[in-house]
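The lines below spell out each chain.
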Amino acid sequence: KLLYRIYTINLNVDTDTTIIYKFKTKKYDIGFYVEFNGVIVLPYQRYNSHVEEIKGFLEIKESGKLSLNWDNRYSLMRSKQIVISYKSSNTIEIDAAKAVTNEVIRDRYKYSTQRMIVTRALRYLSHQLTNQSTGIGNILITQSNDYTPTHTNPYIDKNELLTKENRNLQLQISNLTNELTNERNLTSQQLQLIDELTNEKIKLTNQIDSLENQIQTISEKTSSYNDLLATPTGKPNSSTTTPTTNPSDQLISKLKTEKKQLKSYAIKQMND
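So, here is what we can say about the structure in this document. Note that the coordinates shown come from a computational prediction; the quantities given were computed from them, not determined experimentally. Throughout this document, residue positions are counted from 1 along each chain, in the order its sequence is written. Totals for whole chains, interfaces and linings use all residues, but because this is a predicted model, local features are given only for residues with pLDDT of at least 70 and pairs of side-chain atoms are given and counted only at 80 or more. As a convention, hydrogens and water are excluded, and side-chain values are obtained from all of the structure's heavy atoms.

### Description of the nonpolar core
Take the buried residues of types Ala, Val, Leu, Ile, Met, Phe, Trp, Tyr and Cys, join any two whose side-chain atoms come within 4.5 Å, and each joined set is a nonpolar core. Each residue's exposure class comes from its accessible area (1.4 Å probe, protein chains only) as a fraction of the maximum for that residue type: buried when under 20%, exposed when over 50%, partly exposed otherwise. One finds Val13, Phe23, Phe32, Leu58, Leu66, Leu68 and Trp70 to be the most contacted residues of the largest nonpolar core, which totals 18 residues. Going along the chain from the N terminus, every DSSP run of H or I of four or more residues is numbered as a helix, and every run of E of two or more is numbered as a strand. Breaking this core down by element, the ones donating at least two residues are strand 1 (6–13), strand 2 (17–25), strand 3 (30–36), strand 5 (54–60) and strand 6 (64–71). Element by element, the count of residues in this core is highest for strand 3, at four residues. With nine residues, the next largest nonpolar core counts Ile208, Ile215, Ile218 and Leu255 among its residues.

### Here's the deal with unusual backbone geometry
Unlike most non-glycine residues, Asp16 shows phi in positive territory, near 55 degrees. Inspection of the secondary structure puts Asp16 in the loop between strand 1 and strand 2. In the Ramachandran plot, Asn37 falls in the positive-phi region, its phi being about 55 degrees despite a non-glycine side chain. One can find Asn37 in the loop between strand 3 and strand 4 (39–47).

### Quick word on the pairing of strand 4
Strands were regarded as paired on the criterion that DSSP finds at least two bridges between them. In this sheet, strand 4 lies alongside strand 3 in antiparallel orientation, the contact comprising six bridges. Considered in strand 4, the bridge of Val34 is made with Leu42. From the end of strand 3 to the start of strand 4, which pair antiparallel, there are two residues, and Asn37 there has a positive phi angle of about 55 degrees.

### Brief notes about the sheet that holds strand 6
Within a beta sheet, neighbouring strands are joined by backbone hydrogen bonds and run either parallel or antiparallel to one another. Strand order in the open sheet made by the four strands is 1-6-3-4, with antiparallel pairing throughout. Strands at the two margins of the open sheet, each flanked by one partner only, are strand 1 and strand 4. Neighbour-to-neighbour, the strand axes of this sheet turn through a mean angle of 10 degrees, independent of strand direction. Note that strand 1 and strand 6 share eight bridges and pair antiparallel. Paired with Thr8 across the strands is Asn69, a residue of strand 6. Helix axes are fitted only over the stretch in contact, all axes being lines through C-alpha atoms; the angle between N-to-C directions runs from 0 to 180 degrees.

### Quick notes on the pattern of salt bridges
The term salt bridge refers to a side-chain nitrogen of Lys or Arg lying within 4 Å of a carboxyl oxygen of Asp or Glu. All chains considered together, the criterion is met by three salt bridges. The salt bridge involving Arg46 is made with Asp29; its shortest N-O contact spans 3.0 Å. A residue pair is termed long-range when its members are at least 10 positions apart, and Arg46 in strand 4 and Asp29 in the loop between strand 2 and strand 3 qualify at 17 residues. Judged by relative accessible area, which is 45%, Arg46 ranks as partly exposed. Here Asp29 falls in the buried class, since its relative accessible area comes to 15%. The partner of Lys80 in a salt bridge is Asp29, with the nearest N and O atoms 3.8 Å apart. Here Asp29 lies in the loop between strand 2 and strand 3 and Lys80 lies in the loop between strand 6 and strand 7 (82–90), a separation of 51 residues in the sequence. You'll find Lys80 and Asp29 in the same group, each marked buried. Connected through salt bridges with shared partners, the residues Asp29, Arg46 and Lys80 form a single ionic network.

By themselves these figures say nothing about function.
Written out as structure tokens, the structure reads:
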């Protein structure tokens, strides 16, 4: 109990030492400050330690004398009953413990975030797939016979229940992965077929262009041949000549027929 006086705890500390302290009063507030080698390192302040427990720590880089002071000199009539606890630890050990603690917290947060993302993704996929007639959505909504919902039996061990839920999630993810792989394979086959049809179309187009070039060349030659026949080279023959069929006309007709057949074949392939 303090009545108009200061209560001090003096500690001899070594280099790289951390002092952890906490205190609480049963009634009313209390003043508190800290000195190190006669110098105030934590200024005086009145704390409402009767409302909540006050906790803190001090990192000391060099050896010396540390004084923890609880000051009640401002209160003339009310004494204060204080419960004090403190501990001295090596700063390096505390930093290592903090690092391990922070890593564990990060891992828990990361696991919780991944679990939430997977759960939302499965719910979304379940909603999308159940609306289709392929029956893929049944994978997500079908449960094993030994699965028991959490609200039906409150005495089921939580670890066992979490293990079953994780197993079901892994099975659903595996099934979804297989479905996506099959869809990708189907898409790859369709793209390969499109490439083959495109190459076939190019070949047919090239053949048609070649035939058109041949037809044009033969037409030019035929025109030159007809001009040559129409030019008089001597006395006209009084005898009646029998008209003959020009071989180039036959070749042109044949090429045009082949061109029509190739165009028909190409149109049929593109429609298929």
